[in-house]
Amino acid sequence: MRPGKLCGLVVVVALGATACGGSGGGGAGTDQAASGAGFPVKVADCKGSLTFSSAPRKIVTSNAAALEMLLRLGAGDRVIGTGFPPGKGTLPGALDRAAQKVPVLGKSVIPKEKLLGSGADLYVDTFASMDTMGGAGDAPTEEEYAAAGIKHLHLTSTACAPTAGKAQEDLSGVEKDIGRLGAVTGTGKRADALVAGMRAKIGAVRKAVGDLAPGKRPTYFFFDYDAGTKQPVAVCRKQVANAVIGQAGARNVFDGCDGDFKQVSWEDVVAKNPDWIQLGVRDRGSAAANAKAFDEAAAFLKNFPATKDLAAVRNGKFLRIGSERTTIAGVGNADTVEEIAHTVHADRFKAARK
């Protein structure tokens, strides 16, 4: 069982040689891990700390967020199973093909017995608690993970965020998750490159948008169409999407609610009267299917009595950006920052090009 409660702390310590050696390429990162360079490594998340004497060989991921990070790090060949698999076409090109080859241990939460019997030596957990996800019984205890020989590592930007003491206002938590997984898998240089790419994109946005005070920012509602239309689900201040929206120079209209997600009412949405609405649609596997889903989400808002008269709806102030790269932690969050910023601050980017 891991000692201590280290909420919000992210530590990556090389106990021998540097944990960030190796090549930025996926194959070289695997070679470095196999050679043992940079180990042992000690990492900490909000539940405590773990020490790795060598890189894990058999990894299970709780959902697509951790899986995508490992694929981008070049450690995807070590993933032996996942829960909540990414839909076909969710990831670009080769990443999608690799993701579709990963065995699915659960279409939602991985059942406890299947997870403990998977043969994994590392489980990367994206959830604050599997107990709250439903459909899979109780989550394993730390003693059960240890008995099965599985190290249990959490993504702090998702699993630890709901109980953190502060809002997610930037992508530092996502960056640290990438860095931590890079250290653990021996792909630290690749992790550094991924983080540098994210920072370059967000830095360019910040340069164009400037430091806008909250009262000067356009207001923004993430409409999670796939969560259902009877009662909308808002992204709150501790969700990754809150950071994505804020880094793009907009203001999440539900940044006042605590936690990560919260059911609200349509009356709440109307009272917020957002300047912009993102049509949050999960990837359907093809451009045509996605376009159809976006059209359906827009049509709902245009025809629903509570929302049809909102200025954003009347004026078509919609952003057609997929849910996954907005609400799921990963490299794609920086791309979403760019897309939102270029849409809601189009005039500033035009001025910057002159």
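This structure is a prediction, so every number in the text was calculated from the model and none was measured.

Q: Break down the state of the cysteines for me, with residues and values.
A: This model, assessed by the stated rule, comprises 2 disulfides. Across the disulfide, C236 is cross-linked to C257 (sulfur-sulfur distance 1.9 Å). Because the sign of the S-S torsion sets the handedness, a value of about -105° for the bond joining C236 and C257 places this disulfide among the left-handed ones. Of this pair, C236 sits in the loop between β10 (233–235) and α8 (240–247) while C257 is found in the loop between β11 (251–252) and β12 (261–263), placing the two residues 21 residues apart along the sequence. The class of C257 is buried, set by a relative accessible area of 9%. With cysteine numbering restricted to those in disulfides and following the sequence, the protein chain has the pairing 1-2, 3-4.

Q: Summarise the packing of helix α2 (residues 64–73) against helix α3 (residues 93–100); cite the residues concerned and give the values.
A: Two elements in contact, α2 and α3, have axes whose closest approach is 10 Å; the angle formed by their N-to-C orientations is 120°. Between α2 and α3, the angle is such that the two are oblique. Here α2 and α3 pass one another in a crossing that is right-handed. Contacts between α2 and α3 pair L67, L71 and R72 from the former with L95, A98 and A99 from the latter. Among the residues forming the contact of α2 with α3, the class breakdown is 5 nonpolar, no polar and 1 charged.

Q: Residue-level account of the sheet that holds strand β14 (residues 318–319), with values.
A: Read from one edge to the other, the open sheet built from 4 strands follows the order β11-β9-β13-β14, with strand pairing classed as parallel. Two strands lie at the open edges of the sheet, namely β11 and β14, each paired on one side alone. Pairing of strand β13 (residues 276–280) with β14 involves 2 bridges; the strand directions are parallel. Residue pairing for β14: I277 is matched across the bridge by F318. The sheet strands contacting helix α10 (residues 287–303) are β9 (219–224), β13 and β14, and the helix crosses β13 at an angle near 135°.

Q: Residues and numbers for the nonpolar core, please.
A: Formed by 57 residues in total, the largest nonpolar core has its most connected members in L171, V174, I178, L181, Y220 and I340. Looking at this core, the element that brings in the most residues is helix α7 (residues 188–209), giving 8 residues. When sequence neighbours within four positions are dropped, the list of residues in contact with V174 reads M69, S157, M198, V240, A329, G330 and N333. Core analysis: the next-biggest nonpolar cluster, separate from the first, contains 24 residues, F254, V264, I277 and A298 among them.

Q: Please set out the layout of surface pockets residue by residue, giving values where relevant.
A: Approximately 1200 Å³ is the volume attributed to the largest pocket. Secondary structure elements with two or more residues in the lining of the largest pocket: α2, α10, α12 (324–327) and α13 (332–344). Classifying every residue of the lining of the largest pocket gives 21 nonpolar, 16 polar and 11 charged.

Q: So what's going on with the environment of H345? Residues and values would help.
A: Mapping H345 onto the fold places it in the loop between α13 and α14 (346–353). By relative accessible area, H345 is classed as buried at 5%. Spatially, the C-alpha atom of H345 lies 8.9 Å from that of A250, the residues being 95 residues apart in sequence. Those residues in contact with H345 that lie beyond four places of it in its chain are V209, L212, P218, A248, G249 and A250. Within the local environment of H345, its side chain forms a polar contact with the backbone oxygen of G249, the two atoms lying 2.8 Å apart.

Q: Run through the packing of aromatic side chains, naming residues and quoting values.
A: Scanning the model with the defined rule gives 10 aromatic pairs in all. Taking the centre distance of 6.3 Å and the plane angle of 25° together, the rings of F221 and F223 count as stacked. For the pair F221 and F223, one class covers both residues: buried. When the centroid spacing of 6.0 Å and the interplanar angle of 25° are considered together, the rings of F223 and F300 count as stacked. Taken together, the positions of F223 in strand β9 and F300 in helix α10 put the pair 77 residues apart, joining distant regions of the chain. Within the aromatic cluster, the residues linked to one another by ring pairs are F221, F223, Y225, F254, W266, F300 and F304. Note that K151 overlies the ring of F52, its terminal NZ or CZ placed 5.5 Å from the centroid. Against the face of W276 rests K317, its NZ or CZ located 4.8 Å from the ring centre.

Q: Just give me the short version of the sheet that holds strand β4 (residues 59–61), but keep the residues and values in it.
A: Spatial ordering of the open sheet is given by β6-β5-β4-β7-β8, a layout of 5 strands whose pairing is parallel. Each of the sheet's edge strands pairs with one partner strand only, and the pair in question is β6 (104–106) and β8 (151–154). Taken over all neighbouring pairs, the strand axes of this sheet differ in orientation by 25° on average, direction set aside. Note that β4 and strand β5 (residues 79–83) share 3 bridges and pair parallel.

Q: Explain the side chain of Q168 to me, using residue names and the numbers behind them.
A: Secondary-structure assignment places Q168 in the loop between β8 and α6 (172–185). The exposure class assigned to Q168 is buried, which follows from its relative accessible area of 11%. The contact partners of Q168, leaving out residues within four places of it in the chain, are S157, A161, R237, K238, Q239, V240, N242 and A243.

Thresholds, definitions, all that
- Residues numbered from 1 in each chain as written.
- Predicted model: local features only at pLDDT ≥ 70, side-chain atom pairs only at ≥ 80, totals over all residues.
- Heavy atoms only, no water.
- Disulfide = S-S within 2.5 Å.
- Helix = DSSP H or I, 4+ residues; strand = E, 2+ residues; numbered from the N terminus.
- Buried < 20%, exposed > 50% of the residue type's maximum accessible area, 1.4 Å probe, protein only.
- Axes fitted to C-alpha atoms, helices over the stretch in contact; angles between N-to-C directions.
- Parallel < 35°, antiparallel > 145°, perpendicular 65-115°, else oblique.
- Left-handed = near helix turned anticlockwise from the far one by under 90°.
- Contact = heavy atoms within 4.5 Å.
- Nonpolar A, V, L, I, M, F, W, Y, C, P; charged D, E, K, R; others polar.
- Pairing = 2+ DSSP bridges.
- Core = buried A, V, L, I, M, F, W, Y, C linked by side-chain atoms within 4.5 Å.
- 1 Å grid on protein atoms, 1.4 Å probe; cavity = no way out; pocket = protein on both sides within 12 Å on 5 of 7 lines; lining within 4 Å.
- Points joined across faces, edges and corners; volume = space filled by probe spheres on them.
- Polar contact = N/O pair within 3.5 Å; in protein donor to acceptor, adjacent residues only side chain to side chain.
- Phe/Tyr/Trp six-rings, centres within 6.5 Å; stacked < 30°, edge-to-face > 60°.
- Lys NZ or Arg CZ within 6 Å of the ring centre and 35° of its normal.

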